[in-house]
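Commentary on secondary and tertiary structure
Given next are the chains, with one letter for each unit.
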Amino acid sequence: MKGFCLEVSGDYACFTRPEMKVERVSYDVITPSAARGIFTAIFWKPAIRWRITRIDVLNPIRWTSVRRNEVSAVASPRSGGIFVEDARQQRAGLILRDVRYRLRGEFDVVSAGADPAKYAAMFDRRATNGQYFMHPYLGCREFSCREIRLVKDVASENAKPISETRDLGFMLFDMDYSDMNDIKPMFYRPKMVDGVIAVPHPDSEEVFK
């Protein structure tokens, strides 16, 4: 495995609570699933699996309310598309604003014969040059990352995590893809200590499946 650190920021973010059926309400901070998605957007190969180990919250947690136009139907080849005006609905949302995180992740090699050093060098090069397969976003696709930066020496960084400690309650950890016919959500109960969230291993007893 190989560890990397990314600093990401954005004007808005929404890490949607699944229990909210009508309105979109964000968790207080980025989920491990969303953080993993940022690493995957920069570099993905079937031979590796990204795993988030730590989240530093660098900006104070701020909220804003928005109303967004969404569609209530999904287009399919059989339906021949949808007429947006008939399917449009407006939803309220409580989202985060002016977010900034320092994310630490590692990848595990899941295919025999794969060279971790090769993949580490490829990720380092892509992250350094600002390359990605798709533009990383913060929970919802319309909330793209404003800035993504590979941090090579965390100790020399001036930005420090916020001086806040709180129990964040139960939060979505990630999805369990071990059985593709029965994909299930995983949850955990993170505690932010002086702006730092230690993310457990997916196989840990701290993760509920």
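One structure accompanies this document, and this report is about it. Residue numbering note: each chain is counted from 1, following its sequence as written. Local features in this predicted model are restricted to residues of pLDDT 70 or higher, and side-chain atom pairs are both shown and tallied only at a pLDDT of 80 or more, whereas totals for entire chains, interfaces and linings draw on every residue. Water and hydrogen atoms play no part in the side-chain values, which are based on all heavy atoms of the structure.

**Brief notes about the overall build of the protein chain**
What counts here: The numbering of helices and of strands both runs from the N terminus, where a helix is a DSSP run of H or I of at least 4 residues and a strand a run of E of at least 2. Burial classes: relative accessible area under 20% of the type maximum marks a residue as buried, over 50% as exposed, and values in between as partly exposed (1.4 Å probe, protein chains only). Residues count as neighbours in contact if any of their non-hydrogen atoms are within 4.5 Å of one another. We get accessible surface area from the Shrake-Rupley algorithm with a probe of 1.4 Å; when it comes to residues, only the shown protein chains can shield them.
Check the secondary structure of the protein chain and you find three helices and 14 strands. A burial count over the protein chain gives 41% of its 209 residues as buried. Of the contacts formed within the protein chain by residues at least 6 apart in sequence, a portion of 71% connects residues at least 24 apart. Within the structure as shown, the protein chain displays about 11800 Å² of accessible surface, and the carbon and sulfur contribution to it stands at 48%.

**Some details on the nonpolar core**
Stated formally: What is meant by a nonpolar core is a set of buried Ala, Val, Leu, Ile, Met, Phe, Trp, Tyr and Cys residues, joined one to another through side-chain atoms within 4.5 Å.
In this structure, Leu 6, Phe 15, Ile 30, Tyr 101, Leu 103, Phe 123 and Ile 197 are the most contacted members of the largest nonpolar core, which totals 46 residues. Contributions of two or more residues to this core are made by strand 1 (2–13), helix 1 (32–42), strand 3 (48–57), strand 5 (88–109), helix 3 (116–128), strand 10 (171–176) and strand 11 (184–188). What Leu 6 contacts, discounting residues up to four positions off in sequence, is Ile 38, Phe 39, Ile 42, Tyr 101, Arg 102, Leu 103, Phe 123, Ala 127, Ile 148, Arg 149, Leu 150 and Val 151.

**Thoughts on helix 3**
Applied cut-off: One fewer than the residue count of a helix, multiplied by 1.5 Å, yields its expected span. In this description, the arc belongs to the directions extending from the helix axis to the C-beta atoms. The definition of a polar contact used here is a pair of N or O atoms within 3.5 Å, where within protein one atom must be able to donate a hydrogen and the other to accept one, and adjacent residues in sequence count solely through side-chain atom pairs.
For helix 3, which comprises 13 residues, the first-to-last C-alpha distance of 18 Å matches the rise-based estimate of 18 Å (1.5 Å per residue) to within 8%. Residues Tyr 119, Ala 120, Met 122, Phe 123, Arg 126 and Ala 127 constitute the buried set of helix 3. Viewed along the axis of helix 3, the buried residues span an arc of 160 degrees, placing them on a single side of the element. Its side-chain oxygen 3.1 Å from the backbone nitrogen of Ala 117, Asp 115 forms the N-cap of helix 3. In the segment just after helix 3, Gly 130 is the residue with positive phi, at about 70 degrees.

**Quick look at the packing of aromatic side chains**
We count it as follows: To pair, rings of Phe, Tyr and Trp, with the six-membered ring standing in for Trp, must have centres within 6.5 Å; the planes then decide the type, stacked if under 30 degrees apart, edge-to-face if over 60, and tilted in the middle.
Within the structure shown, the criterion is met by eleven aromatic pairs. Aromatic side chains Trp 50 and Phe 123 sit 4.8 Å apart centroid to centroid with 55 degrees between the ring planes, which places their arrangement in the tilted category. With Trp 50 in strand 3 and Phe 123 in helix 3, this pair connects stretches of sequence that are 73 residues apart. Of the residues examined, Phe 123 reaches a relative accessible area of 0% and is grouped as buried. Feature note: the residues Phe 4, Phe 39, Trp 50, Phe 107 and Phe 123 constitute an aromatic cluster, connected by ring pairs.

**With respect to the sheet that holds strand 14 (residues 207–208)**
Which entries qualify depends on this criterion: Between any two strands, at least two bridges found by DSSP are needed for them to pair.
Strand order in the open sheet made by the three strands is 10-11-14, with antiparallel pairing throughout. Two strands in the sheet have a free side with no partner beyond their single neighbour: strand 10 and strand 14. Relative to strand 14, strand 11 runs antiparallel, the two sharing two bridges. Paired with Tyr 188 across the bridge in strand 14 is Val 207.

**With respect to helix 1**
Burial analysis of helix 1 places nine of its eleven residues in the buried class, which makes it a mostly covered element. Buried residues of helix 1: Pro 32, Ser 33, Ala 34, Ala 35, Ile 38, Phe 39, Thr 40, Ala 41 and Ile 42, and no others.

**Examining unusual backbone geometry**
Even without being a glycine, Asp 98 presents a positive backbone phi close to 50 degrees. Looking at where Asp 98 falls in the secondary structure, it is placed in strand 5. You can call Asp 98 partly exposed: its relative accessible area is 28%. The phi angle at Asp 194 is positive, at roughly 50 degrees, despite the residue not being glycine. Here Asp 194 is to be found in the loop between strand 12 (191–192) and strand 13 (196–198). With relative accessibility at 48%, the residue Asp 194 sits in the partly exposed group.

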